[in-house]
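Spelled out, the chains give:
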Amino acid sequence: MTSQHTPAQHTPPESASAENASPPQHTGLRAYLDQPRAVWAVAFACVIAFMGIGLVDPILKDIAAQLDASASQVSLMFTSYMAIMGIAMLVTGAVSSRIGPKRTLMAGLVLIIVFSALAGSSDTVGQIVGFRAGWGLGNALFVATALSTIVMAARGSTGQAIILFEAALGIGIASGPLIGGLLGQISWRGPFYGVAILMVIGLLATSFLLPKTPPTGRRTTPLDPLRALRHRSLLLIGITAIFYNIGFFTILAAGPFALPTASILETGWIFFGWGLLLAFTSVAVAPLVQRALGTVPAIITMLFLFALDLLMLAVFTSHTVVVIVGIVLSGAFIGINNTLVTEAVMGAAPVERPIASSAYSFLRFCGGAVGPYVALKLSEDVSSHAPFVFGAVAVLIGTLVLLAGRRTVEGRTPHSEVGSSAEAEAVLVGDLD
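Just so we're clear, the structure is a prediction, and the values are computed from it rather than from any experiment.

A.B. asks: What is the right way to read the overall build of the protein chain from this model?
C.D. replies: Along the protein chain, the regular secondary structure elements total 19 helices and zero strands. Within the protein chain, contacts between residues at least 6 apart in sequence are counted, and of these 88% link residues at least 24 apart. Carbon and sulfur atoms form 67% of the exposed surface of the protein chain, whose accessible area is close to 15600 Å².

What follows is the structure in structure tokens.
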């Protein structure tokens, strides 16, 4: 996903500037918490938006049973969501650069509310799949501008604002499966209605507390990200991301079905652990790994370890404990890799960072759309082991693609630390798959 403004373009609106004028200087935790209400309103909405990534995991089996659907049919909830998000990456920049961040945020929130409520009211899997597509469009519009809005309205440095965004990201990704499990115990419809209700609160808070944010900077077009893919290094990373995300979403889609005896809440707890590890490693561990190995070697290493994890799941699919460990452990490889790959994307082409991130996200979500359906179709037609074999092979192909193009990518990727104030915004936004 992509932010619509680079840090240098973040000019606070007058009302935000007045609220931020000559704030008291605090240090430590208080420096991060002493923020305008507008920042907390957007951050709250971010948490709810990020919940949508793993919210449906615990209820996949229940939806299949209640609506008499196959596993591959249920997997289309991921496919429609990710496919529309990928396509939307080509247009969110053009939308925000014309109507401004606040209106883009509001439009995204309204779409999420409407389509999550409609999904909860559905009577067939086909209806849910269609409404999840609309949800994906809303999520793309909202998340694509959330970070730049927080940076505009926050007190203190850009780095402090980014850490607040990191916290919202981590809480949302980790809590999504758990909230899905808790509400899913009542009904599979519960998680969908829960998101709609929480997003109404987020919409009202954002509407009243966030000042106007008129459009700034150059107007972009949907063709800009596609033109950026002419650069070979960016295209190589994007192709790698297609295969990597096949493995990523194989875990999300096939994981619950590899736990046939786990209840909805137990599945939620398992993926809660996965989300916690993903969030922690993407922020705290990725910079350490990058400093030790360099960006591209670290990506290749994480991809290889992720492929081994998927192979372990393929071999021991019938052993519940091994499956649980494999699912949770994959969060570490995914978290580190997300940050490192996006870091590489930011320097992969001589274009604006938001444009590069849009192009990369467009390709990566192609993998996210294809992976779940193919994986669970293999589960139905071949065996329960087949989805993880498919995921492992896909990740290994991505590893080989990057290995073959290593010199090209390294020529544009510095051996630097993730998290510098200049890079962090684009890195974090691109991490939201």
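A.B. asks: Looking at this model, I keep getting lost on the environment of Trp274. Mind explaining?
C.D. replies: Relative to the elements of secondary structure, Trp274 occurs in helix H13 (residues 264-293). The spatial distance from the C-alpha of Trp274 to the C-alpha of Ile327 is 6.6 Å, given a sequence separation of 53 residues. Setting aside residues up to four positions removed in sequence, Trp274 forms contacts with Ile173, Phe248, Ile251, Leu252, Ile327, Val328, Ser330, Gly331 and Ile334.

A.B. asks: Can you help me understand the environment of Val74 in this one?
C.D. replies: The topology assignment puts Val74 in helix H5 (residues 71-88). With 55 residues separating them in the primary sequence, Val74 and Val129 have C-alpha atoms 8.0 Å apart. The residues contacting Val74, other than those within four sequence positions of it, are Leu60, Ile63, Ala64, Ala69 and Val125.

A.B. asks: Would you take a moment to explain the packing of aromatic side chains for this structure?
C.D. replies: To describe a pair of aromatic rings, you give the distance between the ring centres and the angle between the ring planes. Taken as a whole and assessed by the stated rule, the structure comprises eleven aromatic pairs. Each ring, one from Trp188 and one from Phe192, has its centre 6.2 Å from the other, and the planes form 80°; the classification is edge-to-face. Assessed through its relative accessible area of 4%, Trp188 is described here as buried. Phe192 sits in the buried class, given a relative accessible area of 0%. Each ring, one from Phe248 and one from Phe249, has its centre 4.7 Å from the other, and the planes form 20°; the classification is stacked. Given the relative accessible area of 1%, Phe248 is considered buried. In this structure an aromatic cluster arises from ring pairing among Phe78, Tyr244, Phe248, Phe249, Phe271, Trp274 and Phe306. One residue, Arg132, lies across the ring of Trp135, its end atom 4.9 Å from the ring centre. In this arrangement the basic side chain of Arg364 is found over the ring face of Phe365, its NZ or CZ atom lying 5.9 Å from the centre.

A.B. asks: Any chance you could explain a nonpolar patch on the surface here in plain terms?
C.D. replies: A surface patch of nonpolar side chains, about 380 Å² in accessible area, is lined by Val200, Leu204, Phe208 and Leu209. Here Phe208 shows up in helix H10 (residues 190-209). Take Phe208: its relative accessible area is 68%, and that puts it in the exposed class.

A.B. asks: What exactly am I supposed to notice about the packing of helix H3 (residues 37-51) against H10 here?
C.D. replies: Geometry of a packed helix pair, given as the angle between the helix axes and the separation of the axes. Viewed as axis vectors pointing N to C, H3 and H10 meet at an angle of 155°, and their least axial separation amounts to 9 Å. Between H3 and H10, the angle falls in the class roughly antiparallel. In terms of crossing hand, the pair formed by H3 and H10 is left-handed. Contacts between H3 and H10 involve Arg37, Ala38, Ala41, Val42, Phe44, Ala45, Ile48 and Ala49 from the first element and Val195, Leu198, Met199, Ile201, Gly202, Ala205, Thr206 and Leu209 from the second. In the contact of H3 with H10, the residues fall into 13 nonpolar, two polar and one charged.

Scoring rules and cut-offs
- Residues numbered from 1 in each chain as written.
- Predicted model: local features only at pLDDT ≥ 70, side-chain atom pairs only at ≥ 80, totals over all residues.
- Heavy atoms only, no water.
- Helix = DSSP H or I, 4+ residues; strand = E, 2+ residues; numbered from the N terminus.
- Contact = heavy atoms within 4.5 Å.
- Areas by Shrake-Rupley, 256 points an atom, 1.4 Å probe, with all protein chains shown as cover.
- Phe/Tyr/Trp six-rings, centres within 6.5 Å; stacked < 30°, edge-to-face > 60°.
- Buried < 20%, exposed > 50% of the residue type's maximum accessible area, 1.4 Å probe, protein only.
- Lys NZ or Arg CZ within 6 Å of the ring centre and 35° of its normal.
- Patch = residues over 30% accessible without salt bridge, like charges linked within 9 Å, V, L, I, M, F, W, Y side chains within 5 Å.
- Salt bridge = Lys/Arg side-chain N within 4 Å of Asp/Glu carboxyl O.
- Axes fitted to C-alpha atoms, helices over the stretch in contact; angles between N-to-C directions.
- Parallel < 35°, antiparallel > 145°, perpendicular 65-115°, else oblique.
- Left-handed = near helix turned anticlockwise from the far one by under 90°.
- Nonpolar A, V, L, I, M, F, W, Y, C, P; charged D, E, K, R; others polar.

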